[in-house]
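# Secondary and tertiary structure notes
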Amino acid sequence: MQKKFGGSAIFLDRSDINTDEIIPAKYLTEVTKEALQPYILEDLKLEGFDPNGEVLKNATVVVTRENFGCGSSREHAPWVFEVNDVHTTIAESYARIFRQNMFNCGMLAIELPKADIDQLMAMQQQGEVVVSVDLDGQSVTAKAGGEEKQFSFEISQFDKALVDAGGWVEFADARY
Amino acid sequence: MGKTLAEKIFDSHLRDEPFSGTKILSLDRVLCHEITTPVAIADLVWREKDRVFDREKIKVVIDHVTPSKDTKTATQAKMLRDWARRHDIPDFFDVGRNGVCHAIFPEKGYIRPGFTVIMGDSHTCTHGAFGAFAAGVGTTDLEVGILKGVCAFREPATIRVNLNGALSDGVYAKDVILHVIAKLGVNGATDRVIEFRGPIVDQMSMEARMTLCNMAVEAGGTSGVCMPDMTTVEYLWEFIQADFDNKEAALADYQQWVSDSDAVYTDTLNIDVSDLEPQVTFDYKPDCVKSVKEMAGTVVDQVYIGTCTNGRIEDLRQAAAILKGKVIADSVRGIVSPATPKIFQDALEEGIIKIFMDAGFCVTNPTCGACLGMSNGVLAEGEVAAATSNRNFNGRMGKGGMVHLMSPTTAAATALTGVITDARSL
Ligand code: SF4
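Procedures and definitions
- Residues numbered from 1 in each chain as written.
- Chains lettered and ligands numbered in written order.
- Predicted model: local features only at pLDDT ≥ 70, side-chain atom pairs only at ≥ 80, totals over all residues.
- Heavy atoms only, no water.
- Helix = DSSP H or I, 4+ residues; strand = E, 2+ residues; numbered from the N terminus.
- Rg over C-alpha atoms; globule rule 2.2 N^0.38 Å.
- Buried < 20%, exposed > 50% of the residue type's maximum accessible area, 1.4 Å probe, protein only.
- Contact = heavy atoms within 4.5 Å.
- Areas by Shrake-Rupley, 256 points an atom, 1.4 Å probe, with all protein chains shown as cover.
- Lys, Arg positive; Asp, Glu negative; His and termini not counted.
- Charge placed at Lys NZ, Arg CZ, Asp CG, Glu CD.
- Near = heavy atom within 4 Å.
- Nonpolar A, V, L, I, M, F, W, Y, C, P; charged D, E, K, R; others polar.
- Domains from an automatic or database assignment.
- Disulfide = S-S within 2.5 Å.
- Salt bridge = Lys/Arg side-chain N within 4 Å of Asp/Glu carboxyl O.
- Buried area = accessible area lost by both parts, 1.4 Å probe.
- Pairing = 2+ DSSP bridges.
- Right-handed = clockwise from strand over helix to strand, strands pointing away.
- Polar contact = N/O pair within 3.5 Å; in protein donor to acceptor, adjacent residues only side chain to side chain.
- Phe/Tyr/Trp six-rings, centres within 6.5 Å; stacked < 30°, edge-to-face > 60°.
- Lys NZ or Arg CZ within 6 Å of the ring centre and 35° of its normal.
- Axes fitted to C-alpha atoms, helices over the stretch in contact; angles between N-to-C directions.

Secondary structure summary: chain B contains 16 helices and 19 strands in total. For 426 residues, the compact-globule estimate of 2.2 N^0.38 gives 22 Å, and the C-alpha radius of gyration of chain B, at 21 Å, lies within 12% of that figure. For the C-alpha atoms alone, the extent of chain B along its principal axes is close to 60 × 50 × 40 Å. Classification of the 426 residues of chain B by burial places 67% in the buried group. A separation threshold of at least 6 residues defines the contact pool for chain B, and within that pool the share at least 24 residues apart is 75%. Accessible surface for chain B amounts to roughly 14,200 Å². Of this, 48% is attributable to carbon and sulfur atoms.

Put into structure tokens, the structure is as follows:
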């Protein structure tokens, strides 16, 4: 079953955010996804960012820069997003394992060029930015204040199939 | 047009291509540890698909936190242990027989040239040292691997790194790979295989090649690979001698995996390492690298020698050569974790453990230990570690701690003085 994409965005304006920052290793002793929920982005090194803040609590979309999710292979990183209802990430680029883990969970790791991310980041000045995703049309629309902007993205046929199937286990089970 | 080693492995293991550019490979090895596997097991049970595709091809170890430190880690270990027993998996390594995954699996001869290997661990790229395609994956990929014996990858593209010249005394594989990562950047090899070539690699032991390949992922690489050669055959000989008449025959067979001379690379880097000095990281990214000389004098609280990068016998020998007959600084806590029981035994027999203990080191059992701040050797806020591991991320060895990555030789010299030290200056 397809997940819900889009919603209120949080902006993490930094490159190379690693999976230790998204979910520190000390929480890897949990054996359920739900138990990770309070610890999202606990160790993120980013000026002005509050892991306990309202913006993060309300967010269902993460917008960030290059090489997002680098480091450890821990799927706990996508899971901590999933159990916090963040099913969409938008970045300039991703680390391979994190990106694959997102699609394997049936979630969306969208890539946009730097110029588009710059524009998205700038929209924060209008207040809350709400993103909607048209997966079949391969575009995202961002609204803030009276402003509205649209960006198109590319997704591989395989990644799209994973999202449609609800994840890699579902896809593989039906086929192999 | 010729093919790279990765392309040859992809061709020979191709099970399906559901969409152009997406390759579903059949797997020779699915490796498991207690941190990333239990959730996969739980999910398989929940789906009523608690099966394994091939019990002989799945290898299992408890290594990250062992012996268990609390109820939660004991539960993880138990889930893995119960599962391994339930499926009668012959190669399962528990307390007393266990060691760091990327050290113990190669040591047992499980990794061969031309193999496809996955594990729920980003440093699975280590096993490419044997001329295998070995990639770290998440828990869902692992789960499908366990159940179906397949994994999906994008078309492999390869960066070739030619390591030329001659290494000076006191400069090792760790210094070389830190230098390569600094050149490539932390995402310079994303979605790429890094092929390590040239006279430097040809002369390296398997241990040193594993150190190189181990850190390929720190440049974003899917896998690091070295070409199989006589060094590979010698290392594997005790496990493969029944399969071949002699070593030359094994070598001839393994040559099929060597990249063709006219293979196509997305990039080629030529690096002359003759002038390379010992290297060390600063800050929180593995591509923040300086020479040890530039960082000399930085005070450290803890020195950690071990891990899947540099916890092998050769590494312990190099560190012991510096420590022999000396005592580490009062201000420093020295910890060494031999990466496997065999390495521990060899180090005992060679007198290396005694050298470490006489120097004032704490010797732990084989485990990941202090490497990832969830077991022993956790740093307090504001503390600084010198470590032979592969990651210096913020919080990696404990919240608010700083980690400087370096070779075992540099780590040993640093332990003696309490500040980052070039061993050649002692
Ligand atoms: S030693 Fe460190 S890097 Fe290697 S597998 Fe263990 S935790 Fe991971």
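When helices and strands are counted, chain A shows seven helices and seven strands. Principal-axis analysis of the C-alpha atoms gives chain A an extent of 45 × 35 × 25 Å. For chain A, the computed accessible surface area is about 6,800 Å², with 44% contributed by carbon and sulfur atoms. Charge centroids of chain A, computed over 16 positive and 29 negative side chains, lie 2 Å from each other.

What follows deals with helix H13 (residues 313-323) of chain B. In terms of burial, H13 of chain B is a largely internal element, eight of the eleven residues being buried. Backbone geometry just after H13 of chain B places Gly325 of chain B at a positive phi near 75°.

Residues and elements named next belong to chain B. Around the ligand, a shell composed of 13 residues is seen, among which His123, Cys308, Cys368, Cys371 and Asn390 lie nearest. When contributions to the shell around the ligand are tallied by element, the ones reaching two or more residues are helix H4 (101-107) and helix H12 (307-310). Among the residues making up the shell around the ligand, the classes are represented as six nonpolar, five polar and two charged. A domain-level breakdown of the shell around the ligand finds at least three residues from each of domain 1 (5-154) and domain 3 (280-425).

All names here are of chain B. All told, the structure shown has zero disulfides over all chains when counted by the stated rule. Of all cysteine sulfurs in the structure, the one in Cys101 sits closest to Cys32, which takes part in no disulfide; the separation is 10 Å. Of the residues examined, Cys32 reaches a relative accessible area of 0% and is grouped as buried. Just so you know, Cys362 is unpaired, no disulfide at all, and the nearest cysteine sulfur is the one on Cys368, 16 Å from it. Assessed through its relative accessible area of 42%, Cys362 is described here as partly exposed.

This paragraph deals with the interface of chain A and chain B. Chain A puts 44 residues into the contact, and the matching count from chain B is 51 residues. The interface formed by chain A and chain B holds eleven salt bridges in total. When residues of the side of chain A that touches chain B are traced back to their parent elements, those giving at least two are helix H1 (19-22), helix H3 (76-82), helix H4 (96-104), helix H6 (157-165) and helix H7 (168-175) of chain A. Ranked by the residues each element gives to the side of chain A that touches chain B, the list is headed by H7 of chain A, at seven residues.

This part covers the domain arrangement of chain B. Residues and elements named next belong to chain B. Per the domain assignment, the segments of chain B are domain 1 (5-154), domain 2 (158-226 + 252-272) and domain 3 (280-425). With centres defined by C-alpha atoms, the gap from domain 2 to domain 3 works out at 24 Å. Contacts between domain 2 and domain 3 engage 19 residues on the former and 24 residues on the latter. In this assembly, domain 2 packs against domain 3 so that about 1,700 Å² is buried in total across both faces, 57% of it on carbon and sulfur atoms. In this assembly, domain 2 and domain 3 are joined by one salt bridge. With a shortest N-O distance of 3.1 Å, Arg391 and Glu218 are connected by a salt bridge.

Below, the discussion takes up the pairing of strand S4 (residues 108-111) of chain A. Residue and element names in this part refer to chain A. As judged from the four bridges shared by strand S3 (residues 88-91) and S4, these two strands associate in the parallel manner. Across the sheet, Thr89 pairs through a bridge with Ala109, a residue of S4. As for the winding sense of the linkage, the β-α-β connection from S3 through H4 to S4 is right-handed.

Attention now moves to the side chain of Ser72 of chain A. Residue and element names in this part refer to chain A. Looking at the element boundaries, Ser72 is found in the loop between strand S2 (61-64) and H3. For Ser72, a relative accessible area of 11% gives the class buried. A distance of 2.8 Å separates a polar atom in the side chain of Ser72 from a polar atom in the side chain of Arg74.

Moving on, we come to the packing of aromatic side chains. Counted according to the given criterion, the structure contains 18 aromatic pairs over all chains. Between Phe130 of chain B and Tyr235 of chain B, the ring centres sit 5.3 Å apart and the planes meet at 70°, which makes this aromatic pair edge-to-face. One end of the pair, Phe130 of chain B, is in the loop between strand S6 (116-119) and strand S7 (133-136); the other, Tyr235 of chain B, is in helix H9 (residues 230-240), and 105 residues separate them in sequence. Among the aromatic residues, those joined into a cluster by ring pairs are Phe68, Phe81, Tyr94 and Phe98 of chain A. Just above the ring of Tyr110 of chain B sits the side chain of Lys59 of chain B; from NZ or CZ to the centre is 4.2 Å. Of note, Lys290 of chain B hangs over the ring of Phe282 of chain B, and the distance from its end group to the ring centre comes to 4.6 Å.

Now for the sheet that holds strand S4 (residues 58-61) of chain B. Residue and element names in this part refer to chain B. One open sheet holds the five strands; their spatial order is S5-S4-S3-S6-S7, and the pairing between them is parallel. The sheet is open, and its two edges are formed by strand S5 (92-93) and S7, each paired on a single side. Across four bridges, S6 lies against S7 in parallel orientation. Its bridge partner lying in S7, Ile118 is registered against Ala135. Docked against the sheet, helix H3 (residues 71-86) engages strand S3 (29-33), S4 and S5, running at close to 145° with respect to S4.

Inspection of the secondary structure assignment puts Thr37 of chain B in helix H2 (residues 37-46). With 155 residues separating them along the chain, Thr37 of chain B and Arg192 of chain B place their C-alpha atoms 25 Å apart.

Moving on, we come to the side chain of His127 of chain B. All names here are of chain B. Within the element layout of this structure, His127 appears in the loop between S6 and S7. Residue His127 is classed as buried on the basis of its relative accessible area, which comes to 0%. Sequence-distant contacts of His127, defined by excluding residues within four places in its chain, comprise Leu31, Cys101, His102, Phe105, Pro106, Ile111, Ala132 and Ala134.

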